[in-house]
Amino acid sequence: MLVMGIETSCDETSVSVVKNGRTVLSNVVSSSLRFHKQYGGIVPEIAFRKQLETIAQVAESALREAGVDLKDIGLISVTDSPGLLGSLVVGISFAKAVSIGTGIPLLGVNHLHSHVFAGFLEEKKPRFPFTALIVSGGHSSLYYVRDFDRIRLMGSTKDDACGEAFDKVAKILQQGYPGGPVIERLSKKGNAGRTRFNCLNSKEPYNFSFSGIKTAVLYYVKKNARKTVLSGRDGFVCDVAASFQDAVIETLVVKSLTACKSKKTKRLVIGGGVAANGRLRTVLSREGAAKGIEVFFPSREYCMDNAAMVACLGYYLYKKGHTSDLKLDIHFN
Ligand code: KG4
Ligand code: ZN
């Protein structure tokens, strides 16, 4: 069965055609990022206006690249929550319009759950049950997953999301937006031992808090940047980036492996934009292996927001009997 996935929860407009939940025939992603850069973050009003302008073209490109026609599509799977309201409305309205016009069944899926199943687009898939860590620009969540429709939240962020912390620290270091890729690049040249940051908060094993570390970085930079710049010592920015990145990775590793232990699962799935981070991938795979836990990462293109993962989850949910009707709307919870 061919599924058309539609993803418009943040700045991306993405449409994908996926066969049997596994083979990606096309995955077109159009980002409005360049229009937001000057503001240092996503401006919702700009995001949904760009999505309105582009969604029909993106859908046409996805069908063309896949070499299929709308009449070949067996299901339209669309992100219905969580995300930016205007952006979600664009995707949902487009999906409904296509469904009404063609009679193709419609299904709304949760954005974070679709990140959980991005790894199912890879050759090697985890068996149920498993724990999942989703770390993106808007969320940091730990799940216990028994099936495609049995996903239980174990913990989440109390304040800033993990990717948001990368973005804010990059801003403090005056390195632009989005922060994740730039922090990763700077860290490679940095000395993580120069200073130590911490965001582990071991009192709450499955919840996250990243606003404290952002503030700690801010004060450290305020106190030390001028001195180091004046003394001609370079590498300051790289060292701070590396120290910050190591602290965040330590937290993600400890909490996700603790969750595996408590649930007695030997499989851990990672997803979301931060899962593209090379050092996280290396450290988590190594630490997981040391504890006999297999860690599954999607390929980098499916870590970021994309419609292929939406089509993938939609396929499996539909096979289990889930569908939506034209009352499909954003969930506010
Ligand atoms: O999943 P995603 O594309 O969008 C949301 O659903 O939020 O995640 C975007 C987030 C941004 O905060 C970005 O800075 C972060 O993922 N990110 C990274 C890396 N690439 C993207 N964080 C750390 N290391 C990276 N290489
Ligand atoms: Zn996302």
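Residues numbered from 1 in each chain as written. Chains lettered and ligands numbered in written order. Predicted model: local features only at pLDDT ≥ 70, side-chain atom pairs only at ≥ 80, totals over all residues. Heavy atoms only, no water.

Asker: Got a sec to walk through the environment of glutamate 122? Specific residues and values, please.
Answerer: Looking at where glutamate 122 falls in the secondary structure, it is placed in the loop between helix 4 (111-116) and strand 6 (130-135). Each C-alpha atom of the pair glutamate 122 and leucine 33 lies 27 Å from the other, and the pair is 89 residues apart in sequence. For glutamate 122, the contacting residues outside a window of four places in its chain are Phe297, Pro298, Ser299 and Tyr302. A distance of 2.9 Å separates the side chain of glutamate 122 from the backbone nitrogen of serine 299, its partner in a polar contact. (Helix = DSSP H or I, 4+ residues; strand = E, 2+ residues; numbered from the N terminus. Contact = heavy atoms within 4.5 Å. Polar contact = N/O pair within 3.5 Å; in protein donor to acceptor, adjacent residues only side chain to side chain.)

Asker: Quick rundown of the domain arrangement of the protein chain? Include the residues and the values.
Answerer: Each assigned domain of the protein chain is listed here: domain 1 (2-117 + 303-319) and domain 2 (124-297). Facing 18 residues of domain 1, the contacting portion of domain 2 comprises 22 residues. Counting across the domain 1 and domain 2 interface gives zero salt bridges. Where domain 1 packs against domain 2, one counts two residue pairs in polar contact (both at pLDDT 80 or more). Elements that contribute at least two residues to the side of domain 1 that touches domain 2 include exactly helix 4 and helix 11 (308-319). In terms of residue count, the dominant contributor to the side of domain 1 that touches domain 2 is helix 4 (four residues). (Domains from an automatic or database assignment. Salt bridge = Lys/Arg side-chain N within 4 Å of Asp/Glu carboxyl O.)

Asker: Hey, could you go over the site of ligand 1 for me, with residue numbers and the actual values?
Answerer: By nearness alone, 22 residues border ligand 1, and Gly137, Asp167, Gly180, Glu184 and Gly273 come closest of all. Contacts to ligand 1 include glycine 137, whose backbone N or O atom sits 2.8 Å from an oxygen atom. At 3.1 Å, a side-chain N or O of aspartate 305 approaches an oxygen atom of ligand 1. For ligand 1, the protein covers 90% of the area, taking 560 Å² as the surface of the free molecule. Counting residues per element, the ones that place at least two in the shell around ligand 1 are helix 4, helix 5 (162-172) and helix 6 (179-187). (Near = heavy atom within 4 Å. Areas by Shrake-Rupley, 256 points an atom, 1.4 Å probe, with all protein chains shown as cover.)

Asker: Describe in detail the nonpolar core, supporting the description with residues and values.
Answerer: Within the largest apolar cluster, 50 residues are counted, with the highest numbers of intra-cluster contacts made by Phe244 and Leu252. Broken down by secondary-structure element, the contributors of at least two residues to this core are strand 6, strand 7 (140-147), helix 5, helix 6, helix 7 (211-230), helix 8 (236-263), strand 9 (267-271) and helix 9 (278-290). Sort the elements by how many residues they give to this core and helix 8 lands first, with 13 residues. Beyond its immediate chain neighbours, meaning those up to four positions away, leucine 252 contacts Leu133, Val135, Cys162, Phe208, Phe210, Val274 and Leu280. (Core = buried A, V, L, I, M, F, W, Y, C linked by side-chain atoms within 4.5 Å. Buried < 20%, exposed > 50% of the residue type's maximum accessible area, 1.4 Å probe, protein only.)

Asker: Residue-level account of the coordination of the zinc ion (ligand 2), with values.
Answerer: Around the zinc ion (ligand 2), the protein contributes the donor atoms His111 (NE2), His115 (NE2) and Asp305 (OD), which lie 2.0 to 2.2 Å from the metal centre. Mapped onto the polypeptide sequence, the residues donating to the zinc ion (ligand 2) form the spacing pattern H-x3-H-x189-D. Taken as a pair, histidine 111 and histidine 115 lie in helix 4 at a separation of four residues, close to a single helical turn. Side by side, histidine 111 and histidine 115 carry an identical accessibility label, which is buried. (Donors = N, O, S within 2.8 Å, 3.2 Å for Na, K, Ca; no water.)

Asker: I'd like to hear about helix 6, residue by residue, with values.
Answerer: Those residues of helix 6 not exposed but buried are Gly179, Val182, Ile183, Glu184, Leu186 and Ser187. At its buried positions, helix 6 is contacted by helix 5, helix 8 and helix 9.

Asker: Describe the environment of glycine 179, with residues and values.
Answerer: Following the sequence through the fold, glycine 179 ends up in helix 6. Counting along the chain gives 13 residues from glycine 179 to phenylalanine 166, while the straight-line C-alpha distance between them is 5.1 Å. Residues contacting glycine 179, with those up to four places away along its chain left out, are Phe166, Asp167 and Ala170.

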